[in-house]
Each structure stands twice: as structure tokens, then as C-alpha cells.
Amino acid sequence: MLTVGYFGGIPFEPGVTAGVQWPQKAWSTEKTKGEQTRRVYKYLIIHPRVAVFSRKHSYTGVLIHADLGYRRQREGRKSFSQVALGLGYNARFSITSFTVNFSGEIIDRERERQDIIVPTISYTYGRNTPHRFDWYTRIAYGNEIRLGNASAGALFLELGLQMNLSKY
């Protein structure tokens, strides 16, 4: 499955993301309540992706990230939910200084790279459609471990489409 979507730190860091989901294991279980039998499909998924996001006049970030997720979907339902643990590397290019000409225009920016390790925990809710494209929304919390600086928490939001290559 290919995934493409809006990605950003909440609320002021808009960006885009692209990735691939590989189901590693699939199984199902059945539960009986009274006379009803429900089947629940379960998947173990690896989801590597790349995201680019920025904060205007401050920095640009490139995130290389991979998740190991557990997805559940009940038979007959179009929605699915997934929880995942992930680990990523964020190269953040911060503006440290700039030069202004006499007209007030910025003509040169100096940037410094920060290396950040980002372990995350996330929750995804999505909806399957009868077409090739399904939509999803994902919220993730991570602890940004900055090499050489103090660490900080980060909240990420992802809204996107996933293209199921095996439907057709």
C-alpha cells in the first residue's frame, strides 16, 4: 500500500509525507455472542516513510521514519484502527542568521543542521472505500531527542490517502 498525505507538527508546521505499508502477518479470530459470530481481521504492518515539513522563517525538517503497527478491522465494517510504535531521524535545518539589504529584503540565510532522534507512539483511524484509495488520519506523540541539546515532546498529525495496490 502506498500512502501520501499532509503531515506536520501541530499546529504550525505544514508538510507532506509519502510511504509504503507492508503487511508482515495477517490472521483472523472469531467471537460468538449469542447467535452472532463476528470475525476480526488483524495485521502486523511495517510502515516506512519520508516527511518534509517547515515552520516559516524558522526551519525546515526532513523526517525519515518507520513504524511497526497492529491493525484491527471487523468483518463487514469499513473502518479500521491501528496502533504503532516507531523510530525516526529528523534532520532539522534551522535559520541561525540572515542578511538584509537596504530595501529590507532578506538576501542571505545561514542554516544549521540539528540531528534529532524521534521515537513515537501513534494511533490511526481510517476508512476503506470500494475504490483503490482509502483515507486515514493519524496522530502521533514523540520525544524529540536532540543530540547535544535538551529533548522535547512533539505532537504530529497526518491526514492522507492510501492506495491499495492489491485491490485490482
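Residues numbered from 1 in each chain as written. Predicted model: local features only at pLDDT ≥ 70, side-chain atom pairs only at ≥ 80, totals over all residues. Heavy atoms only, no water.

Caption draft 1: View of empty space enclosed by the protein. Enumeration according to the criterion identifies two cavities of 30 Å³ or more in this entry. Every residue lining the largest cavity is listed: Gln-21, His-47, Asp-67, Arg-71, Phe-80, Gln-82, Ala-84, Ser-122, Thr-124, Tyr-136, Arg-138 and Gln-162. Elements with a minimum of two residues in the lining of the largest cavity: β5 (59-74), β6 (79-100), β7 (106-127) and β8 (133-146). Per element, the largest residue contribution to the lining of the largest cavity is three residues, and it comes from β6. Looking at the lining of the largest cavity residue by residue, the classes come out as three nonpolar, six polar and three charged. Those elements giving two or more residues to the lining of the second largest cavity turn out to be β5, β7 and β8. Considering only residue class, the lining of the second largest cavity consists of five nonpolar, two polar and two charged. (1 Å grid on protein atoms, 1.4 Å probe; cavity = no way out; pocket = protein on both sides within 12 Å on 5 of 7 lines; lining within 4 Å. Points joined across faces, edges and corners; volume = space filled by probe spheres on them. Helix = DSSP H or I, 4+ residues; strand = E, 2+ residues; numbered from the N terminus. Nonpolar A, V, L, I, M, F, W, Y, C, P; charged D, E, K, R; others polar.)

Caption draft 2: Region of the structure containing the pattern of salt bridges. Per the counting criterion, the structure on display carries eight salt bridges. With its nearest N and O atoms 3.0 Å apart, the salt bridge here joins Glu-144 to Arg-146. Of the two residues, Glu-144 and Arg-146, neither departs from the other in class, the shared state being buried. Ionic contacts of the salt-bridge type, sharing partners, join the residues Arg-49, Asp-67, Arg-138 and Glu-158 into one network. (Salt bridge = Lys/Arg side-chain N within 4 Å of Asp/Glu carboxyl O. Buried < 20%, exposed > 50% of the residue type's maximum accessible area, 1.4 Å probe, protein only.)

Caption draft 3: Looking closely at the pairing of β8. Of the two faces of β8, the one lined by Asp-134, Tyr-136, Arg-138, Ala-140, Gly-142, Glu-144 and Arg-146 is fully buried and the one lined by Phe-133, Trp-135, Thr-137, Ile-139, Tyr-141, Asn-143 and Ile-145 carries no buried residue. With ten bridges connecting them, β7 and β8 associate as antiparallel partners. Each residue of the ladder has a partner; that of Tyr-125, found in β8, is Thr-137. Counted along the chain from β7 to the antiparallel partner β8, the turn is five residues long. In the sheet, β8 pairs with strand β9 (residues 152-163) via twelve bridges, with the strands oriented antiparallel. When the bridges of β9 are listed, Glu-144 appears paired with Ala-152. (Pairing = 2+ DSSP bridges.)

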